[in-house]
Amino acid sequence: MTRVAIVTGGTRGIGEAISIALKNQGCTVIANYCGNDDKAKAFSISTGIATAKWDVGDHEACIDNCARIAAEHGSLDIVVNNAGVTRDGTLARMSFEDWNEVMRINLGGCFNMAKASFTGMRERGWGRIVNIGSINGQAGQYGQVNYAAAKSGIHGFTKALAQEGAKFGVTVNAIAPGYIDTDMVAAVPPAVLEKIVAKIPVGRLGHASEIARGVVFLCSDNAGFVTGSTMSINGGQHMY
Ligand code: CAA
């Protein structure tokens, strides 16, 4: 049976690798994105994966688009909540908008997408939700009270929703990536990043494909007994 998957933020960075990995497992993948039309178009041409543009922080947009995709493809079986943004800065410099935008997209997006997909998964007796958290939600990070709070919230959200899905064949898990060689990490000032990499026991940044392989496992039938868990993939930087 072909499973239908949505990967939010699925055309760039970690999300791109996840979309491709799920497609390679035989899933029908729809890669959601919000901003970069050119990149989404190039991604779709090179991978053959369909894209769909909406803001995961917009509740109605999530409900409408998930319903449309489920109707077009017959079901919606897998949701990977990967979309995320940073608005880094020390608390003194962080505006309310910086706080709110990160909470709205990173944590609100998980709620919106779960609301749009969870009931159908329960009714069909099978589903997989994988939420992309962060090492910085586990350990905190200087200059990221908004991002760390949102990502930490994702880990709590995962454990709570897992309890609601367990009896119905719906698993809900999180992955907590460490520092991965994506545009988001490339935006960290080089001197700061150098100090961070020095603290990674494996001695390098991670690759997006290394996160994608974890997602593939959690979405597989083999992972039916894994729920409410957080898989840390961080080169040993934080052993939690
Ligand atoms: N711990 C303690 N002190 C620190 C510190 C740290 N980790 N980092 C900086 N400081 C100190 C500096 O030493 C400096 O102190 P002095 O003035 O006494 O020398 C002071 O804080 C100001 O530092 P900056 O010059 O860096 O301050 P800034 O205002 O220019 O920038 C910042 C602050 C935006 C937070 C910048 O430090 C930064 O971008 N840090 C990186 C944050 C980060 O790791 N983000 C991760 C993005 S990737 C991601 O989020 C993906 C994921 O899931 C892993």
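Residues numbered from 1 in each chain as written. Predicted model: local features only at pLDDT ≥ 70, side-chain atom pairs only at ≥ 80, totals over all residues. Heavy atoms only, no water.

Thoughts on the nonpolar core
Step number 1: Counting residues in hydrophobic clusters, the biggest one holds 27 residues, and the most contacted among them are Ile18, Leu22 and Val80.
Step number 2: Going through the elements one at a time, strand S1 (4–7), helix H1 (13–24), strand S2 (28–33), strand S4 (78–81), strand S5 (127–132) and helix H9 (208–219) are the ones with two or more residues in this core.
Step number 3: Among the elements that line this core, the one with the most residues is H9, at seven residues.
Step number 4: Among residues more than four places away in sequence, those in contact with isoleucine 18 are Val7, Val80, Asn82, Ile132, Ala212 and Val215.
Step number 5: Listed in part, the 26 residues of the second largest apolar core include Ile30, Ala61, Ala114 and Leu161. (Core = buried A, V, L, I, M, F, W, Y, C linked by side-chain atoms within 4.5 Å. Buried < 20%, exposed > 50% of the residue type's maximum accessible area, 1.4 Å probe, protein only. Helix = DSSP H or I, 4+ residues; strand = E, 2+ residues; numbered from the N terminus. Contact = heavy atoms within 4.5 Å.)

Let's talk about the layout of surface pockets
The probe, sized like a water molecule, is rolled over the atoms to show the empty space still left.
Step number 1: Of the volumes computed, that of the second largest pocket is approximately 180 Å³.
Step number 2: Classifying every residue of the lining of the second largest pocket by side-chain character gives seven nonpolar, three polar and two charged. (1 Å grid on protein atoms, 1.4 Å probe; cavity = no way out; pocket = protein on both sides within 12 Å on 5 of 7 lines; lining within 4 Å. Points joined across faces, edges and corners; volume = space filled by probe spheres on them. Nonpolar A, V, L, I, M, F, W, Y, C, P; charged D, E, K, R; others polar.)

Here we look at the environment of leucine 218
Step number 1: Mapped onto the fold, leucine 218 is located in helix H9.
Step number 2: It is 8.8 Å that separates the C-alpha atoms of leucine 218 and valine 172, two residues lying 46 residues apart in sequence.
Step number 3: Ignoring any residue separated from it by four or fewer positions in sequence, one finds leucine 218 in contact with Arg128, Val130, Thr171, Asn173, Ala174, Ile175, Ala223, Val226 and Met231.

Regarding the pairing of S2
Step number 1: Most of S2 is tucked away: five of the six residues are buried.
Step number 2: Examined bridge by bridge, S1 and S2 share four bridges and lie parallel to one another. Of the residues in S2, the one forming a bridge with isoleucine 6 is isoleucine 30.
Step number 3: Viewed along the sheet, the connection from S1 through H1 into S2 turns out right-handed.
Step number 4: In terms of strand pairing, S2 meets strand S3 (residues 50–53) through four bridges, oriented parallel. Among the inter-strand pairings, alanine 31 is bridged to a residue of S3, identified as threonine 51.
Step number 5: Note that the unit made of S2, helix H2 (residues 37–47) and S3 has a crossover that is right-handed. (Pairing = 2+ DSSP bridges. Right-handed = clockwise from strand over helix to strand, strands pointing away.)

Here we look at the site of the ligand
Step number 1: Close contacts around the ligand come from 18 residues, with Asp88, Ser134, Tyr142, Tyr147 and Tyr179 the closest.
Step number 2: Arginine 93 has a polar side-chain atom sitting 3.3 Å from an oxygen atom of the ligand.
Step number 3: Residue glutamine 144 places a side-chain N or O atom 3.0 Å away from an oxygen atom belonging to the ligand.
Step number 4: Protein contact buries 57% of the 1100 Å² of open area that the ligand shows by itself.
Step number 5: Those elements that provide at least two residues to the shell around the ligand are helix H7 (183–186) and helix H8 (190–198).
Step number 6: Grouping the constituent residues of the shell around the ligand by class yields nine nonpolar, seven polar and two charged. (Near = heavy atom within 4 Å. Polar contact = N/O pair within 3.5 Å; in protein donor to acceptor, adjacent residues only side chain to side chain. Areas by Shrake-Rupley, 256 points an atom, 1.4 Å probe, with all protein chains shown as cover.)

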